[in-house]
Amino acid sequence: MMNRLLFAAGLALGLSAPLFAAESVDYKDATLIKQGEYLARAGDCVACHTASGGKPFAGGLPMESPVGTIYSTNITPDKQTGIGEYSFEDFDNAVRHGIGKDHTLYPAMPYPSYARVTDADMRALYAYFMHGVQPVNQANKPTDITWPLSMRWPLTAWRWMFAPEVKAFEPASGQDPVIARGAYLVEGLGHCGACHSPRGIGMQEKALTAQEGALYLSGGNAMEGWVGKNLRGDLRDGLGSWSEAQLVQFLSTGRTEHTAVFGAMSDVVTQSMQYMTQEDLTSIARYLKSLPPVDAGQKPFKYDDTAYKALFNGDDSAVGASVYVDSCAACHRTDGKGYAEVFPALAGNSALATKDATSLIHIILKGGTLPSTFKAPTPYAMPDFATRLTDKQVADVVNFIRNSWGNKAEPVTEKDVANVREEVNAPLYGAASVSQAAK
C-alpha cells in the first residue's frame, strides 16, 4: 500500500544537496520540476494516489486497513479539490510530518519513512506537483470507517508514539557512498519497510531503518493477500543467495532466471523501478546486500531431485503431486526449474520459503501476469485455479511445492486456503472462473 521515487539522468538527487532558502527557489524551473518527477517516480506516488482507470494523482484508490477502507487523496494542483493552494510548508507538513491542513494523516501515507527525505528533494517534489502535474477537479472520498474509529484525534497520539522526528538522511561516517545512496532510497523515498518490515500492535513498523535492528526488512505482515518477503541476507527466505546483478535485473524488469515479480511489487516495478537509473538500482541492490541475515544459521538451498525423479517416472503418489502434474508442471516443469525469465522456478525460490504462504495461495487462486517493462515487454500470464481446485487440493499442491526439490517450509491447511480465498474474494470451487466473470 505505498511505495517509490525516480530520476532523470544527470540530476543531482543529492544526499548532500544544499538546503534551498525558500525565497530563492524558482518552483517553475524546468530542471527542478524534472528532478521532482524522477523523485515522484522513485517514491511511486502514482500507485497509491491513482484509482484504477482514474486520472494520475487524482486519488480515490481504496486501501484496506484493520479499521476499514481508506481512500487516497487528490494530490494534483487543482485549487478546489487537490493541493493547489498548498504552500511548500503545507506540502512538507503532509509528506514528512503526516499533518494535513486540517487533520493528522492516516499512516497509510508513509510519512514515517519520508521523514528522511532531504529538504532539497522535498522542494523538487513540490515543484513537480505544483507545476508538472495536470490539475484534476475530483473530490476526495470519505473514509469507510465507522465511528468512533473514524475519529482523527487518536492519529495525533499515534504520530507522537511511532513517527520519528523529521531528520533528513545523512550518510554514516565513512559509509560507502553507493550504499549510502541505496540506504536513502530504500529507507526514505522508496519506503520499502512499509511492506517488507513487520508491524506492531499499533500497525507501526517495528523498525524504520537498518540502525534500528534486524527486524528492518525482515519480512512484512500479510496485507491485501500478499506478504512482503524478507529482503535481508538470509539464505533461504531472504536475498542471501541473490547476486547484486540479479537484484538489479529484478528491480528493472520484474524477472530473473530464477524468479518473477508478483502482487503489489508488480506495480513498484512497472510504475517506479523500471524508470530508475542503473546507478540508483545498483545502489539499492548493494545496500540490500549489505544487510546481515536475521538467521545466520540458515543453510543455503541445495537441489534435491527426489520429487523430479518420481514425477519423471510417472509416480505422482505424493500428496499434491497429481495436482501439480495436472495444473503446474507444463510451465514450471517436473524438475521445478521453470523456464528462465518466462515461468519462474519454484525450486529454491526464496519467495516460497516464507513462513506465511498467503502469497502462493493467492497466486494459485487468482492467477497473475508478469508485468510488461521496457526491457522485458512480454506479459506472460498464469491462469486462476480458484474454480478448478478445492481448498484441499490447493493446500496439497502448496505443500508439495514448498517441500519438494530441496524446498523446506511449514505446511498449510485447508482452513488457511479458505481464509485466503475469502480475503482476496476468489470464487468458490465449481463457480464461474475469475476470467469468465470478468467478461
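Worth saying up front: this structure is predicted, and the values here are computed from it rather than measured.

**Q** Is there a simple way to explain the pairing of strand β2 (residues 68-71) in this structure?
**A** A regular strand carries its side chains on alternate faces of the sheet. Where strand β1 (residues 62-65) meets β2, four bridges bridge the pair, whose relative direction is antiparallel. The partner of E64 across the bridge, within β2, is T69. Where β1 hands over to β2, the hairpin turn is made up of two residues, counted between the paired strands.

**Q** Would you explain the packing of aromatic side chains in this entry?
**A** Two aromatic rings are characterised by how far apart their centres lie and by the angle between their planes. For the structure shown, the criterion picks out 20 aromatic pairs. Measuring from ring centre to ring centre gives 5.5 Å for W242 and F250, while their planes differ by 90°; the resulting arrangement is edge-to-face. An angle of 80° between the planes, with centres 5.7 Å apart, marks the rings of F400 and W405 as edge-to-face. A residue is classified by how much of its surface remains accessible, and F400, at 7% relative accessible area, is buried. Look at W405 and you get buried, because its relative accessible area is 1%. Through a chain of ring-to-ring contacts, three or more aromatic side chains come together here, namely Y27, F57, F88, F91, Y126, Y128 and F129. The aromatic ring of F88 is capped on one face by R123, whose charged end is 3.8 Å from the ring centroid. In this structure, R388 is placed above the aromatic ring of F385, and the distance from its NZ or CZ to the ring centre is 4.7 Å.

**Q** Please explain the nonpolar core as it appears in this structure.
**A** Within soluble globular proteins, side chains that are nonpolar generally end up buried alongside one another. One finds F91, F129 and L288 to be the most contacted residues of the largest nonpolar core, which totals 64 residues. Broken down by element, this core gets its largest block of residues, eight residues, from helix α5 (residues 119-131). With near-sequence residues (within four places) excluded, L288 lies in contact with V186, L217, L231, L239 and L247. Core analysis: the second largest hydrophobic core is formed by 30 residues, A307, A347, I361 and A395 among them.

Rules and cut-offs
Residues numbered from 1 in each chain as written. Predicted model: local features only at pLDDT ≥ 70, side-chain atom pairs only at ≥ 80, totals over all residues. Heavy atoms only, no water. Pairing = 2+ DSSP bridges. Helix = DSSP H or I, 4+ residues; strand = E, 2+ residues; numbered from the N terminus. Phe/Tyr/Trp six-rings, centres within 6.5 Å; stacked < 30°, edge-to-face > 60°. Buried < 20%, exposed > 50% of the residue type's maximum accessible area, 1.4 Å probe, protein only. Lys NZ or Arg CZ within 6 Å of the ring centre and 35° of its normal. Core = buried A, V, L, I, M, F, W, Y, C linked by side-chain atoms within 4.5 Å. Contact = heavy atoms within 4.5 Å.

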